[in-house]
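Next come the chains, spelled out residue by residue.
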Amino acid sequence: MKKILTVIGARPQFVKAAPVSRVLRKTFHEVLVDTGQHYDYNMAGVFFEELKIPKPDYHLGVGSGTHGAQTGHMLIKLEEVVLKESPHAMIVYGDTNSTLAAALVASKLHIPLFHIEAGLRSFNKQMPEEINRVLTDHVSSLKFVPTETAVRNLAEEGIREGVHLVGDVMYDAVLYNLKLAKDKYTLKDFGLTKDAYYLATIHRAENTDNRERLEAIFRSLDQLSGEKVVLPLHPRTKKKLVEIDLFSFVEQSQVIQLIDPVSYLEMLLLEKQAKGIITDSGGVQKEAYFAKVPCFTLRDQTEWVETVDIGWNRLVHPVQDDLRALIQSFEEPPYQEGLYGNGGASDKIARVITEYFR
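Residues numbered from 1 in each chain as written. Predicted model: local features only at pLDDT ≥ 70, side-chain atom pairs only at ≥ 80, totals over all residues. Heavy atoms only, no water.

Digging into the overall build of the chain
Here is step 1: Across its full length, the chain holds 16 helices and 13 strands.
Here is step 2: By the compact-globule yardstick of 21 Å for 358 residues, the chain fits well, its C-alpha radius of gyration being 20 Å.
Here is step 3: The C-alpha extent of the chain, read off along each of the three principal axes, is 60 × 45 × 40 Å.
Here is step 4: Here the chain holds 358 residues, and 58% of them are scored as buried. (Helix = DSSP H or I, 4+ residues; strand = E, 2+ residues; numbered from the N terminus. Rg over C-alpha atoms; globule rule 2.2 N^0.38 Å. Buried < 20%, exposed > 50% of the residue type's maximum accessible area, 1.4 Å probe, protein only.)

Laid out in structure tokens, this is it:
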């Protein structure tokens, strides 16, 4: 049986790995490595329980730090694991530092690398995630892409071999987990009612590390008078708000309702029942589309351009744009199904990997 070493470490990767692991383990021996990039229980550990992901075979415990320090620690620890396990291939997801570290280790040790969610581009190289995803694509043997746009992005960079359009594994996860979410939680658990609140998430470095943008975002949220904005507060975002002396303002807001970070199932429920979603997250943009809920993305670019093209997602510049006016003027467009496949991406990935080893 072929051995595949899967590397995950951040919240979205837990979500994506769940449906793929369920299929892979029918044919392959999967070794699961958690780098510990997200180390808070509500941001990581609870996923293994709720999403029925097998417990990691290795937990590297890297934690937070600067990009260089974090990636460097991952490189050292991942190399030790890979040398010990001698996998036939490695799988990485998305665009995190965990992804980049694993890609470098695989490349240096001449191990085939399979990149799930390949080909995405924001074309903003100021974003660490953009550098991570570009470099990973260029050293991967198999590139599993979610959209035709991603296929074109790779072709424009000269990458045409090993590219497979399979759809989005995040959609697989949403279809599987939404029923679990509804069975386990209700809006009453949060004191909320359907379509009576906006859901917000803020965590991207381009926003949290820029005082002007971060302050503009929270003042814009506070100006949504007459609305309720529920915001699961990312620990890093809270730290930044405290540093710029804005946390007390946010706490006292009559609009913004801060809650602790939530599990993935709780997040799905909150997204599905929201009036609208305000975010800087890549994954949440897609989940808003899956939930058929309008999304307002607090970024200058997005790698999920399809959601913008069909009108369900609006890009909002935190400083230059009037969030309140954009929300008030939003008119719901016709919904277009199938932007990210039909929910069978994991099965397609497993078939391609099986054929690769033949």
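Now, onward.
Quick notes on the packing of aromatic side chains
Here is step 1: For the structure shown, the criterion picks out 12 aromatic pairs.
Here is step 2: Where Phe114 meets Tyr356, the ring centres are 5.2 Å apart and the plane angle is 80 degrees; that geometry is what we call edge-to-face. A residue pair is termed long-range when its members are at least 10 positions apart, and Phe114 in strand β5 (residues 113-116) and Tyr356 in helix α16 (residues 345-357) qualify at 242 residues.
Here is step 3: Classification of Tyr356 as partly exposed rests on a relative accessible area of 35%.
Here is step 4: Arranged with centres 5.4 Å apart and planes meeting at 85 degrees, the rings of Trp312 and Tyr335 form a pair that is edge-to-face. Here Trp312, found in the loop between α14 (305-309) and β13 (313-315), pairs with Tyr335, found in the loop between α15 (323-328) and α16; they are 23 residues apart in sequence, far enough to count as distant.
Here is step 5: Assessed through its relative accessible area of 4%, Trp312 is described here as buried. (Phe/Tyr/Trp six-rings, centres within 6.5 Å; stacked < 30°, edge-to-face > 60°.)

So, the sheet that holds strand β1 (residues 3-8)
Here is step 1: Ordered in space as β3-β2-β1-β4-β5-β6-β7, the 7 strands form an open sheet in which the pairing is parallel. The open sheet has two edge strands with one neighbour each: β3 (58-59) and β7 (163-165).
Here is step 2: The pairing of strand β2 (residues 29-34) with β3 spans 2 bridges and is classified as parallel. Paired with Asp34 across the bridge in β3 is His59.
Here is step 3: Taken strand by strand, helix α1 (residues 11-24) contacts β1, β2, β4 (89-93) and β5, and its axis lies near 140 degrees from that of β4.
Here is step 4: Across the sheet, helix α3 (residues 67-85) touches β1, β2, β3 and β4, and the angle it forms with β1 is around 165 degrees. (Pairing = 2+ DSSP bridges. Contact = heavy atoms within 4.5 Å. Axes fitted to C-alpha atoms, helices over the stretch in contact; angles between N-to-C directions.)

Some words on the pairing of strand β8 (residues 198-201)
Here is step 1: Neither face of β8 is left uncovered, since the one carrying Tyr198 and Ala200 and the one carrying Leu199 and Thr201 both have all their residues buried.
Here is step 2: Pairing geometry for β8 and strand β9 (residues 229-232), over 2 bridges, is parallel. Among the inter-strand pairings, Tyr198 is bridged to a residue of β9, identified as Val229.

Thoughts on unusual backbone geometry
Here is step 1: In the Ramachandran plot, Ser86 falls in the positive-phi region, its phi being about 50 degrees despite a non-glycine side chain.
Here is step 2: The topology assignment puts Ser86 in the loop between α3 and β4.
Here is step 3: Backbone geometry at Glu117 places phi at a positive 80 degrees, although glycine is not the residue there.

Describing the environment of Gln37
Here is step 1: Relative to the elements of secondary structure, Gln37 occurs in the loop between β2 and α2 (45-50).
Here is step 2: For Gln37, a relative accessible area of 14% puts it in the buried group.
Here is step 3: In sequence terms Gln37 and Pro87 are 50 residues apart; their C-alpha atoms lie 22 Å from each other.
Here is step 4: Here Gln37 is in contact with Gly9, Ala10, Gly63, Gln70, Met74, Thr96, Asn97 and Ser98, once residues within four sequence places are set aside.

Considering the nonpolar core
Here is step 1: Ranked by internal contacts, the top residues of the largest apolar core, which has 66 residues, are Phe144, Tyr264, Leu270 and Ile353.
Here is step 2: Ranked by residues supplied to this core, first place goes to helix α7 (residues 169-184) with 7 residues.
Here is step 3: Ignoring any residue separated from it by four or fewer positions in sequence, one finds Leu270 in contact with Leu187, Phe190, Leu192, Tyr197, Leu199, Ile259 and Val262.
Here is step 4: Judged by nonpolar contacts, the second largest core, of 26 residues, contains Phe218, Leu233, Leu298 and Leu326. (Core = buried A, V, L, I, M, F, W, Y, C linked by side-chain atoms within 4.5 Å.)

Describing the packing of α1 against α7
Helix-helix packing is described using two parameters, namely the angle between the two axes and the distance between the axes.
Here is step 1: The contact between α1 and α7 brings their axes to 8 Å, and the two run at 85 degrees. Taken together, the axes of α1 and α7 lie roughly perpendicular to each other. Residues Val15, Lys16, Pro19, Val20 and Arg22 of α1 lie in contact with α7, whose contacting residues are Val169, Met170, Asp172, Ala173 and Tyr176.
Here is step 2: Taken together, the residues that form the contact of α1 with α7 break down as 7 nonpolar, no polar and 3 charged. (Parallel < 35°, antiparallel > 145°, perpendicular 65-115°, else oblique. Nonpolar A, V, L, I, M, F, W, Y, C, P; charged D, E, K, R; others polar.)

As for the pairing of β9
Here is step 1: By the alternation rule, side chains of β9 split into Val229 and Leu231 and Val230 and Pro232, which are all buried.
Here is step 2: Sheet topology note: the β9/strand β10 (residues 256-259) ladder contains 4 bridges and is parallel. Counted as the bridge partner of Val230 is Gln257 from β10.

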